[in-house]
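A closer look at the structure
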Amino acid sequence: MTEFIQALKKRRSIYSLGDNLPQSHEEITAFVKEIVRESPTSFNSQTQRVVFLFDDAHKKLWSMTEEALKPLTPAEAFPNTQAKLQSFAAGTGTLLFFEDMDIVKNLQEQFELYADNFPVWSEQASGLTQANVWTALAQKNIGANLQHYNPVIDEAVAKEWSIPSNWKLRAQLVFGSIEAEAGEKEYMEDSARFLEFN
């Protein structure tokens with residue numbers, strides 16, 4: 001149990017990323033695929049889909065995101081947004097997490113009693129997978145931070161990388177070498193967060 005808790009503690013939002021990882025793209029890809037395969041889904045539906053972006057594709061994503069956000073961001077705030085996006089581009093790559101909505105719809109039709117729950121369970125599966133991958137990368141000393149620029153970038157991403165129309169973008173996990181550690185994490189009081197009864 002202690003090792004598992006230590007792994008959870010090691011998973012932090014690392015914003016100072018570089019492109020200096022000892023692992024090859026192939027090693028990272030194989031590692032992530034294994035974690036995704038072992039991450040749980042309702043009814044073993046395996047709805048998670050992942051797109052790996054390295055090198056030019058990775059940089060292109062954050063350039064596209066900058067273009068999409070510029071007209072939506074107040075001019076005085078844009079330099080901060082731009083700097084943030086450039087910090088993502090400085091990393092090694094980005095994992096795009098999607099959910100296959102065709103599977104969700106099929107399950108809704110197959111099991112009408114639970115129809116309202118399948119989109120929720122799909123979101124839970126996506127979150128579990130993202131957390132598992134993020135924690136596993138941290139164990140290999142790969143820094144990462146999780147972003148959610150969907151739906152602003154959905155259309156551009158789908159067009160650029162020919163994403164199937166039934167895949168719904170849920171998150172972007174930026175990763176790379178850790179150039180500066182995360183700050184101290186603060187925790188709320190247990191009394192506000194937990195209840196226990198005997």
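Residues numbered from 1 in each chain as written. Predicted model: local features only at pLDDT ≥ 70, side-chain atom pairs only at ≥ 80, totals over all residues. Heavy atoms only, no water.

Observations regarding helix α5 (residues 101–110)
Every buried residue of α5 is accounted for by Met101, Val104 and Leu107. Projected down its long axis, α5 shows its buried positions confined to an angular sector of 120°, all on one face. Across α5 from its buried face, at more than 90 degrees, point the exposed residues Glu109 and Gln110. Taking the backbone nitrogen of aspartate 102 as reference, a side-chain oxygen 3.0 Å away marks aspartate 100 as the first, capping residue of α5. (Buried < 20%, exposed > 50% of the residue type's maximum accessible area, 1.4 Å probe, protein only. Helix = DSSP H or I, 4+ residues; strand = E, 2+ residues; numbered from the N terminus. Arc of directions from axis to C-beta. Polar contact = N/O pair within 3.5 Å; in protein donor to acceptor, adjacent residues only side chain to side chain.)

Some words on the environment of asparagine 106
Relative to the helices and strands, asparagine 106 is located in helix α5. Taking the C-alpha atoms as reference, asparagine 106 lies 36 Å from aspartate 55; in sequence the two are 51 residues apart.

Quick notes on the UniProt feature "domain: Nitroreductase" (unreviewed entry) in the protein
The positions that UniProt labels "domain: Nitroreductase" (unreviewed entry) are, in the present scheme, residues 8–176. As a span, residues 8–176 carries 50% helix and 19% strand, and end to end its C-alpha atoms are 18 Å apart. (UniProt positions renumbered as here; feature names shortened; annotations may be inferred.)

A word on the pairing of strand β5 (residues 167–178)
Note on strand geometry: in a regular strand, side chains alternate between the two faces of the sheet. For β5, a buried count of 9 out of 12 residues is recorded, marking the element as mostly surrounded by other parts of the structure. Examined bridge by bridge, strand β3 (residues 93–100) and β5 share 8 bridges and lie antiparallel to one another. Paired with threonine 94 across the strands is valine 174, a residue of β5. Bridge analysis of strand β4 (residues 143–147) against β5 gives 5 bridges, and the strand direction is antiparallel. Residue alanine 144 lies in a different strand from β5, and its bridge partner there is phenylalanine 175. (Pairing = 2+ DSSP bridges.)

Let's talk about the packing of aromatic side chains
Throughout the structure, instances matching the rule amount to 12 aromatic pairs. On the numbers, 5.2 Å between centres and 65° between planes, the contact of phenylalanine 43 with phenylalanine 118 is edge-to-face. One end of the pair, phenylalanine 43, is in the loop between α2 (25–38) and β2 (48–54); the other, phenylalanine 118, is in helix α6 (residues 117–139), with 75 residues separating them in the sequence. Using a relative accessible area of 44% as the deciding quantity, one classes phenylalanine 43 as partly exposed. Here the aromatic residues Phe43, Phe111, Tyr114, Phe118 and Trp121 are joined through ring pairs into a cluster of three or more. (Phe/Tyr/Trp six-rings, centres within 6.5 Å; stacked < 30°, edge-to-face > 60°.)

Concerning a nonpolar patch on the surface
A cluster of nonpolar side chains, namely Phe4, Ile5 and Leu8, defines an oily patch on the protein surface of about 280 Å² accessible area. Structurally, leucine 8 can be placed in helix α1 (residues 2–10). (Patch = residues over 30% accessible without salt bridge, like charges linked within 9 Å, V, L, I, M, F, W, Y side chains within 5 Å. Areas by Shrake-Rupley, 256 points an atom, 1.4 Å probe, with all protein chains shown as cover. Salt bridge = Lys/Arg side-chain N within 4 Å of Asp/Glu carboxyl O.)

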